[in-house]
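Each chain is listed here by its residues.
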Amino acid sequence: MPAPPTQPWLLVSDVDDTLLGDASPVAELTKALGESQPPVLMALNSSRPVASVQATLDGLQETLPVSAIVGALGTEIEIGGDPWKAWQAQFAEFRRELVWSALEGQGWQAHSAEFQTPFKASFAVPREQQSRARQALTELPFACRVIASGESDFDVIPPMAGKGRASVALAKELGVPDSRLLVAGDSANDLDLFEHVERGIVVGNARQELLDRVAPTVFRAEQPRAAGLLEGLRHYGAIPRV
Ligand SMILES: [Mg+2]
């Protein structure tokens, strides 16, 4: 059944190299979101912590209308500037310090402090050593989920977290029907978005590692970054085509 025409849309977009980077035309996107009727809500979804994403937003010339920020691979959600505590409460058994000692104990290096949060441990583990690192995690007294991307990014989070699950939960919390939830990304650490949400936008500058793995039904924009997001919003009918 199609969604009633007045219900809002929600665009959940990755930040680095999906929304921003290289003189990305954010002004046009800001304008389109401001004029959209029914409203198109925007949420950012990053592997970086919420505080780091917020600092990036504060540094922009435009004021992007951002309803929520999902940070640290879905381990943190802030709605209207307030932490969504019920979301994080489900990760209580995950103990980052134990993940930390399991990985550091075998000589792998943690990324800098700005990439770490209570429910995300972020390390550099070369690809050929990642199966050994995953094995080390199975010895912990709780389940872990690994998100690996690029040459050596190795992030460990609770199984119930992740960019995709967080996006679906956020849409529900904001009263947006599944049929009006759109997600957008550029790299393999966004794959989780496309695995949980049917309507996806892959921006024109996306890495091959993502292009190779998303479903053929996902919209592939020709334009890079914010211009690609606009293309995707038009494709799905969230904003007018012309
Ligand atoms: Mg990215």
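If you're wondering where the values come from, they're calculated on a predicted model, not measured in any experiment.

1. Remarks on the sheet that holds strand β7 (residues 121–124)
- Pairing is antiparallel across the open sheet formed by four strands, whose spatial order is β6-β7-β9-β8. One side of each edge strand has no neighbouring strand; the edge strands of this open sheet are β6 (109–110) and β8 (145–149).
- Examined bridge by bridge, β7 and strand β9 (residues 153–157) share four bridges and lie antiparallel to one another. Counted as the bridge partner of Ser122 is Asp155 from β9.
- Against the sheet, helix α4 (residues 96–104) contacts β6, β7 and β9, and its axis sits at roughly 10° relative to β7.
- In this fold helix α5 (residues 130–137) packs onto β8 and β9, with an angle of close to 15° to the strand it touches most, β9.

2. Some words on the nonpolar core
- By size, the foremost hydrophobic cluster in this structure holds 45 residues, and its most contacted members are Leu10, Val99, Leu103, Leu137, Phe154, Val156 and Phe194.
- By residue number, the principal contributor to this core is helix α6 (residues 163–173), which donates four residues.
- Residue assignment places this core across two domains, with domain 1 (9–89 + 161–235) and domain 2 (96–157) each supplying three or more.
- Other than its neighbours up to four places away in sequence, Phe194 contacts Val183, Ala184, Gly185, Gly200, Ile201, Val202, Leu210, Val214 and Val218.
- Ranked by size, the runner-up nonpolar core spans 30 residues in total, among them Ala184, Ile201, Val203 and Leu233.

3. A few points about the domain arrangement of the chain
- Considered domain by domain, the chain is made up of domain 1 (9–89 + 161–235) and domain 2 (96–157).
- Between the C-alpha centres of domain 1 and domain 2 the distance comes to 25 Å.
- Both sides together, the interface formed by domain 1 and domain 2 hides about 1100 Å², and carbon and sulfur atoms give 61% of it.
- Of all residues in domain 1, Pro49, Leu73 and Thr75 bury the most surface against domain 2, accounting for 35% of the area lost on that side.
- Run the count over domain 1 and domain 2 and you get one salt bridge.
- At the boundary of domain 1 and domain 2, one finds three residue pairs in polar contact (both at pLDDT 80 or more).
- Tallied by class, the residues present in the side of domain 1 that touches domain 2 amount to five nonpolar, six polar and five charged.

4. Quick notes on the packing of aromatic side chains
- The tally for this structure, following the rule as stated, stands at five aromatic pairs.
- In textbook terms, an aromatic cluster arises when at least three aromatic residues are bridged by ring pairs, as seen for Trp84, Trp87, Phe91 and Phe119.

5. A few points about helix α9 (residues 225–235)
- Of all eleven residues in α9, nine are buried; the element is thus mostly enclosed.
- By the burial criterion, the buried members of α9 are Arg225, Ala226, Ala227, Gly228, Leu229, Leu230, Glu231, Gly232 and Leu233.
- Remark: Gly237 follows α9 within two positions and exhibits a positive phi of approximately 80°.

Calculation criteria
Residues numbered from 1 in each chain as written. Predicted model: local features only at pLDDT ≥ 70, side-chain atom pairs only at ≥ 80, totals over all residues. Heavy atoms only, no water. Pairing = 2+ DSSP bridges. Helix = DSSP H or I, 4+ residues; strand = E, 2+ residues; numbered from the N terminus. Contact = heavy atoms within 4.5 Å. Axes fitted to C-alpha atoms, helices over the stretch in contact; angles between N-to-C directions. Core = buried A, V, L, I, M, F, W, Y, C linked by side-chain atoms within 4.5 Å. Buried < 20%, exposed > 50% of the residue type's maximum accessible area, 1.4 Å probe, protein only. Domains from an automatic or database assignment. Buried area = accessible area lost by both parts, 1.4 Å probe. Salt bridge = Lys/Arg side-chain N within 4 Å of Asp/Glu carboxyl O. Polar contact = N/O pair within 3.5 Å; in protein donor to acceptor, adjacent residues only side chain to side chain. Nonpolar A, V, L, I, M, F, W, Y, C, P; charged D, E, K, R; others polar. Phe/Tyr/Trp six-rings, centres within 6.5 Å; stacked < 30°, edge-to-face > 60°.

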